[in-house]
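Here is how the chains run, residue by residue.
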Amino acid sequence: MVAAAAALADKEGLPRLTMGLLAQRLGVRTPSLYKHVGGQEDLNRRIAVLAMNQAAEAVGGAVQGYAGRDALAAAARAFRAFVLEHPGRYGATVGLEPTGPDDPLAAASTRLLAAFTAVLHGYTIDEREVTHVLRMLRSLCHGYATLQAAGGFQWSTDVDESFTWLIAFADRGLRALGGGPGE
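These figures come from a predicted structure and were not determined experimentally. (Residues numbered from 1 in each chain as written. Predicted model: local features only at pLDDT ≥ 70, side-chain atom pairs only at ≥ 80, totals over all residues. Heavy atoms only, no water.)

### Regarding the overall build of the protein
Within the protein, the regular secondary structure consists of 9 helices and 0 strands. Ordered by position in the sequence, the α and β elements of the protein form the string α-α-α-α-α-α-α-α-α. Each of the three principal axes of the protein carries a C-alpha extent, and together these read 60 × 45 × 25 Å. Look at the contacts in the protein between residues 6 or more apart in sequence, and 65% of them connect residues 24 or more apart. Accessible area of the protein: about 10,000 Å², with a carbon and sulfur share of 55%. The averaged location of the 18 negative side-chain charges in the protein is 7 Å from the averaged location of its 17 positive side-chain charges. (Helix = DSSP H or I, 4+ residues; strand = E, 2+ residues; numbered from the N terminus. Contact = heavy atoms within 4.5 Å. Areas by Shrake-Rupley, 256 points an atom, 1.4 Å probe, with all protein chains shown as cover. Lys, Arg positive; Asp, Glu negative; His and termini not counted. Charge placed at Lys NZ, Arg CZ, Asp CG, Glu CD.)

Printed below as a string of structure tokens:
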């Protein structure tokens, strides 16, 4: 049911996903959904967990065997592709906080964070800077992908060319921050 709801959110947009619409698409009565989820908020949270785990799998798989700029590019491209392919389910993750350490969202978030942290192993980053760097990478990837998904780039320059430029820019910044050559 959660996978069906996530697919519906991708197709229709997360704000349009309701228990009633999901029930209609599944061919069941709305009250029967409450046997599986506690309501709309619970459904959205489950979609967010699914999305975080899928994004972590995509990014983690993409960076395997790469370091430095190649790992950065692989992670950024995988994340962007995930957001573009799954805008509704990704939208469920934005602004959602884990309720505690046992919340499945916490584990899924940790997996995605670990995938991006692996990218940093190819750079010389002071441990005190890691949180800032991870926030910067999330901002770059999230911002670019969500703007692109919303049709926010109307200029004639190719969006892939701009994304490649963004990755190169971030790579130069990361290498300069570390004071070393990176990869």
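From this point, things continue past the structure.
### Let's talk about the packing of helix H4 (residues 40-63) against helix H7 (residues 104-119)
At a closest axis distance of 8 Å, the pairing of H4 and H7 adopts a crossing angle of 20°. By the angle between their axes, H4 is roughly parallel relative to H7. The interaxial crossing formed by H4 with H7 has left-handed handedness. Residues Arg 45, Ala 48, Val 49, Met 52, Asn 53, Ala 55, Ala 56, Glu 57, Val 59, Gly 60 and Val 63 of H4 lie in contact with H7, whose contacting residues are Pro 104, Leu 105, Ala 108, Ser 109, Arg 111, Leu 112, Ala 115, Phe 116 and Val 119. Of the residues assigned to the contact of H4 with H7, the class counts are 14 nonpolar, 3 polar and 3 charged. (Axes fitted to C-alpha atoms, helices over the stretch in contact; angles between N-to-C directions. Parallel < 35°, antiparallel > 145°, perpendicular 65-115°, else oblique. Left-handed = near helix turned anticlockwise from the far one by under 90°. Nonpolar A, V, L, I, M, F, W, Y, C, P; charged D, E, K, R; others polar.)

### Quick look at the packing of aromatic side chains
Enumeration according to the criterion identifies 5 aromatic pairs in this entry. Summarising the aromatic geometry, the rings of Trp 165 and Phe 169 are spaced 5.3 Å apart at their centres and angled 15° between planes, so their arrangement reads as stacked. Here Trp 165 and its partner Phe 169 are both found in helix H9 (residues 159-178), 4 residues apart, which amounts to about one turn of the helix. By relative accessible area, which is 52% here, Trp 165 ends up exposed. The exposure class assigned to Phe 169 is partly exposed, which follows from its relative accessible area of 45%. (Phe/Tyr/Trp six-rings, centres within 6.5 Å; stacked < 30°, edge-to-face > 60°. Buried < 20%, exposed > 50% of the residue type's maximum accessible area, 1.4 Å probe, protein only.)

### Remarks on helix H8 (residues 130-149)
Spanning 20 residues, H8 covers 28 Å between terminal C-alpha atoms, matching the ideal 28 Å at 1.5 Å per step. For H8, the full list of buried residues reads Val 130, Val 133, Leu 134, Leu 137, Cys 141, Tyr 144 and Ala 145. An end-on view of H8 places all buried positions within 120° of arc, on one side of the element. Of the surrounding secondary structure, the elements contacted by the buried residues of H8 are helix H5 (68-85), H7 and H9. Of the residues one or two after H8, Gly 151 is the one with positive phi, at around 75°. (Expected span 1.5 Å × (residues − 1). Arc of directions from axis to C-beta.)

### A short note on H4
Taking 1.5 Å of rise per residue, the 24 residues of H4 would be expected to cover 34 Å, and the 34 Å separating its terminal C-alpha atoms lies within 8% of that figure. For H4, the complete set of buried residues consists of Leu 43, Arg 45, Ile 47, Ala 48, Val 49, Ala 51, Met 52, Ala 55, Ala 56, Val 59, Gly 60 and Val 63. Looking at the buried side of H4, the elements it contacts are helix H1 (2-12), helix H2 (19-26), H5, helix H6 (87-91) and H7. Downstream of H4 by a residue or two, Gly 65 has a phi angle that is positive, lying close to 85°.

### What to know about the nonpolar core
Generally speaking, nonpolar side chains in soluble globular proteins are found buried as a group. With 54 residues, the main nonpolar core has Leu 17, Leu 43, Val 59, Leu 72, Phe 79, Leu 112 and Phe 116 as its most contacted residues. Looking at this core, the elements with two or more residues in it are H1, H2, H4, H5, H7, H8 and H9. Looking at this core, the element that brings in the most residues is H4, giving 10 residues. Apart from the residues lying within four places of it in its own chain, the contact partners of Leu 43 are Ala 5, Leu 17, Met 19, Leu 22 and Val 37. (Core = buried A, V, L, I, M, F, W, Y, C linked by side-chain atoms within 4.5 Å.)

### Some thoughts on the side chain of Asp 10
As for its position among the elements, Asp 10 is in helix H1. Classification of Asp 10 by relative accessible area gives buried; the value is 16%. Residues contacting Asp 10, with those up to four places away along its chain left out, are Glu 85, His 86, Pro 87, Gly 88 and Arg 89.

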